[in-house]
Amino acid sequence: MEEKTRVSGAEALLLSLIREKVDTIFGYPGGAIMPMYDKMYDKHDLLNHILVRHEQGAAHAAQAYAQVTGKPGVCFATSGPGATNLMTGITNANLDSIPVVFITAQVPSGLLGTDAFQETDMISLSMPVTKWNYQITSAEKIPEAVAKAFYFAKSGRPGPVLLDITKDAQIQEFDFHYKRIKSIRSYNPKPTLDKNQVQQALDMMSQSKKPLLLAGHGILIANARDELMEFVDKTKIPTAVTLLGKSVIDEEHPCFVGMLGMHGNYAPNKLTNEADLIIAAGMRFDDRVTGDISRYAPNAKIIHVDIDKAELNKNVKADLAIHADIKDFLQQIVPAQYYTCNSEWRQEFKRLNEMEKEKVIAPELYPENGHLRAGEVISKVSQLTKREAIVVTDVGQNQMMAARYYGFKNPNTLITSGGLGTMGFGLPAAVGAQVGKPDKTVVLFTGDGGFQMTAQELGTVVQYQLPVKIIIFNNNFLGMVRQWQNLFNDKRYAQTTMPTPDFPMMAKSFGIESKWVRERDQLDNTIEEMFSHEGPYLLEVSIEKEANVFPMIYPGKAVDEIVLHEDQ
Ligand SMILES: Cc1ncc(C[n+]2csc(CCOP(=O)(O)OP(=O)(O)O)c2C)c(N)n1
């Protein structure tokens, strides 16, 4: 029997977090949450609080922290505007299945529903974008609610949860005791793998001449990269990844055939429609991946393995829908299978990827003249960091270029906003990644537009002396939208041109070392200088203003209609 201690709700919350092995919180104080911050004052040796500059930043940072550490992120905000500022970050974590425990403060329970100062109904607001949420109006409910919150966030398909705690519940005292939760009635996060389905998958593989493995984020979440690699090494099946599945396989592996989707590689998109078997592992057939779904993979039988039943047969009808943890599935199928993919099929990927190399990649990486290009900068960073860095991106062309050109090697080394495509994600996510992995090199690639959405987090970078390397690709455009205007709106650049501040001067005003590179001959030295600098560093690179990201599957087109350049 555990000993009980009499504490306030605020203290109980912190003790509960400590019992869940939390040591880092991202947040921002305010009136309704003051009791919790007051108690935190005494616990700074156990709880490291990172004070951001905007609550959206705390949410993105907590998410990135979760991604690089494998532990749920924790995020605090006060009631009203503090809480609503979290909404983009909560939604982002939800769409990308990242476990984050959001704690918002609420007005005293006696004022609920009165439009009290800084009262917002966070339960209703966050309902569609959290895995679970709960309002706490009395202190004694806190330990169990925290235990549930962590269990929901981490188990099954992970995701964000939110606890909204009234101010009086933070102040009331009660006898605290804590019990971690290991199961909840009628919530079954871990499906039981049907072994017959493993046999059916083996049978389908044995009849396939043109199989294609689609590896998604679910592999990383399930910590199943080793099992995946065993499967790939044994079967030699061509393996393509989704954007969030990047880093599930070393891109130098001979079976890696590229990224799927709108700005993915040529071969895996083209050959999706020739494949006779698709094995979709921990991915959800997002529309960016499938293109026109009515013309997606017409020749393939589809095996879809996912831990979330709701994903099965949601977008693409599976011939074999396997509701399972991908790690369990791979552990069962690896020893049982004896299939090896033929080399002619793999050669087809090679042939098409060579075309992409010649027509798209080589001109991007080795331009003979003209302005600097994002690809050559990313490639230089990749060489210097030996493909070992944690790469964080913002959203837009910078994101697609980083995904395409860094060449990922180790698991969980791309932190990017996949499902929601949140501009402004980059800088705060870099903060969270660096806090989570202080000894790793963290590189942020961002655009001039997205950077300006959350640039205030430079203050956080400095306050905690986080040695992040920030690279702003400045094209003086909202590049990705301009690309669409160029391709589909007759170059009518409506509201996509943007003058930018002097970024290095801005960085320096925060006390961050910074340079601006405009010419190719300055690039190598400056990048080397950036990586030999111990603290944070901001590098602005002026790039070709009207460069477009290719290959591209145009909206509404089928995956095999992917084009290598706009005249194709
Ligand atoms: C919060 C938010 N607002 C708007 C968009 C739409 N959007 C997608 S990419 C993009 C342009 C990004 O421009 P920039 O940050 O300069 O990056 P670039 O594409 O030039 O690399 C916009 C406006 C978005 N994804 N997120």
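Residues numbered from 1 in each chain as written. Predicted model: local features only at pLDDT ≥ 70, side-chain atom pairs only at ≥ 80, totals over all residues. Heavy atoms only, no water.

Observations regarding the site of the ligand
Step number 1: Of all residues adjacent to the ligand, which total 17 residues, the nearest are Q397, N398, G421, G450 and G479.
Step number 2: G450 places a polar main-chain atom, nitrogen or oxygen, 2.6 Å from an oxygen atom of the ligand.
Step number 3: Within the backbone of F477, an N or O atom sits 3.0 Å from an oxygen atom of the ligand.
Step number 4: Coverage of the ligand by the protein chains reaches 76% of its 590 Å² of free accessible surface.
Step number 5: Elements represented by at least two residues in the shell around the ligand include exactly helix 17 (397-405), helix 19 (448-453) and helix 21 (479-488).
Step number 6: A per-element tally of the shell around the ligand places helix 19 first, with four residues.
Step number 7: Grouping the constituent residues of the shell around the ligand by class yields seven nonpolar, nine polar and one charged. (Near = heavy atom within 4 Å. Polar contact = N/O pair within 3.5 Å; in protein donor to acceptor, adjacent residues only side chain to side chain. Areas by Shrake-Rupley, 256 points an atom, 1.4 Å probe, with all protein chains shown as cover. Helix = DSSP H or I, 4+ residues; strand = E, 2+ residues; numbered from the N terminus. Nonpolar A, V, L, I, M, F, W, Y, C, P; charged D, E, K, R; others polar.)

Digging into the pairing of strand 5 (residues 100-106)
On any regular strand, side chains alternate: one points to one face of the sheet, the next to the other face.
Step number 1: When you tally the buried positions in strand 5, you get seven out of seven residues, the bulk of the element.
Step number 2: Going residue by residue along strand 5, you find V100, F102, T104 and Q106 tucked away on one face and V101, I103 and A105 tucked away on the opposite face as well.
Step number 3: With five bridges joining them, strand 4 (residues 73-77) and strand 5 adopt parallel strand pairing. Bridge pairing in strand 5 places G73 opposite V100.
Step number 4: The sheet contact formed by strand 5 and strand 7 (residues 161-166) spans six bridges and is parallel. Bridging from a neighbouring strand, T104 pairs with D164 of strand 7. (Buried < 20%, exposed > 50% of the residue type's maximum accessible area, 1.4 Å probe, protein only. Pairing = 2+ DSSP bridges.)

Honestly, that's just the spatial picture; any functional story needs more than this.
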